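Coordinate analysis (summary)
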Amino acid sequence: MKNKTKYILIFAVLPVALVTVFFLSLYLDEKRHPQVDETAEATSGDAYESEEDRINAMLLAEYQKSQSTRDYSLETTEAPTLSVGDAEYDDMIDGTDASDVAGGDYYDEELSAEDEAFIASLEEESRKNNLNAINYNGISIVTGMNQVPLNGEYVLGLTDAELNAPHPLFLQYDPRWATYPYGLGTMASSACGPTCFSMVITGLTNISNASPPMIATYSMNRGFYVPNQGTAHTLFTSGAADFGLYCTKVAYTEADMKAHIDAGEMLILAMHYGHFTHSAAGHFIMVYGYNQNGFMVNDPASYERSTQYWPFAVFGGEADNIYGFGVGY
């Protein structure tokens, strides 16, 4: 009986003991030689590469991808020249201002001939002297127009002044990229959406490759440009996360717009026919601040409108959608 008990104990206890020893040895081995998790290793390897560097590399890759197919596209597809009558054409680039819109003026003070001459002189001074910023009635306007030599090629980069500006003004008709292809047209004719998004990304982050033509390329490659319609709003709602930003819908109230701005956000407004566009396709503008005189606008299609204060009545009556952007990481 004793022998039987002994055998029972051996066969019952021995397997448990062996299993215990096995797992204990694995635990001690792991302590001595920890296994390297591939995901953790990748994360560690990327420690030297900031999130901004990763996004800059992504934008560069998108541009390089577009270049690999552009020659073929140009050989097989003739891009039509857009004119004022076309739905995609933003005719505000031709100098039309709010005074041409029927229904009267909604903003507080229309620029006088003297004010317009003053702005023109500042622009000319900027072109001649390579100034980094222009101050008009307390609004700091930063633009790199004509600051970078063209040499007959597109300039995809931004100036230090633009990269360091809290709310840089980028213009679709900037000679560095005005004729850069976007959809069925060019930056000058059709890229108000990517240009606004470029201002938001550059103003809120340290991403250096988010110039208007680079964001336009990203928009086309990712399907945010819709032929015969223009830039889809998903460029903002879906694309924001690719740049470490969040995008939220903002209510059509003055208090909500100001609250989002006070929270450090920049706003992109989709405008219909009115003070900012005569185009059936609409127009995007960026709003970055306000004071007692009104809201401060960066309009990618108009330097002049970017030096004016605008009351909420204009946005409340002409904005189809308002998007707020902030840093998401």
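Everything discussed here concerns the structure shown above.
Anyway, here's the lowdown on the structure attached to this text.

Of the volumes computed, that of the second largest pocket is approximately 300 Å³. In this structure, the second largest pocket is lined by 21 residues; those nearest its centre are Gln-229, Gly-230, Thr-231, Ala-281 and Phe-284. Only α6 (187-190), β5 (225-226), β6 (230-231), β8 (266-271), β9 (283-291) and β12 (319-327) provide two or more residues apiece to the lining of the second largest pocket. Classifying every residue of the lining of the second largest pocket gives 8 nonpolar, 10 polar and 3 charged.

Okay, the pattern of salt bridges next. Across all of its chains, the model carries 6 salt bridges by this definition. A salt bridge links Arg-54 to Glu-51; the shortest N-O distance between them is 2.6 Å. With Arg-54 and Glu-51 both in helix α3 (residues 51-76) and 3 residues apart, this pair spans about one turn of that helix. Judged by relative accessible area, which is 37%, Arg-54 ranks as partly exposed. Across the pair Lys-258 and Glu-254 runs a salt bridge, and its minimum N-O distance is 3.1 Å.

The tally for this structure, following the rule as stated, stands at 15 aromatic pairs. Ring geometry for Phe-236 against Phe-325: centres 5.9 Å apart, planes inclined by 85 degrees, an arrangement best described as edge-to-face. Here the residue Phe-236 occupies a position in helix α9 (residues 234-237), and Phe-325 occupies one in strand β12, the gap between them amounting to 89 residues. Each member of the pair Phe-236 and Phe-325 is classed as buried. Their ring planes at 45 degrees and their centres at 4.6 Å tell us that Phe-276 and Trp-310 sit as a pair that is tilted. With Phe-276 in the loop between β8 and β9 and Trp-310 in strand β11 (residues 309-310), this pair connects stretches of sequence that are 34 residues apart. Trp-310 carries the same exposure label as Phe-276, and that label is buried.

Calculation notes
Residues numbered from 1 in each chain as written. Predicted model: local features only at pLDDT ≥ 70, side-chain atom pairs only at ≥ 80, totals over all residues. Heavy atoms only, no water. 1 Å grid on protein atoms, 1.4 Å probe; cavity = no way out; pocket = protein on both sides within 12 Å on 5 of 7 lines; lining within 4 Å. Points joined across faces, edges and corners; volume = space filled by probe spheres on them. Helix = DSSP H or I, 4+ residues; strand = E, 2+ residues; numbered from the N terminus. Nonpolar A, V, L, I, M, F, W, Y, C, P; charged D, E, K, R; others polar. Salt bridge = Lys/Arg side-chain N within 4 Å of Asp/Glu carboxyl O. Buried < 20%, exposed > 50% of the residue type's maximum accessible area, 1.4 Å probe, protein only. Phe/Tyr/Trp six-rings, centres within 6.5 Å; stacked < 30°, edge-to-face > 60°.

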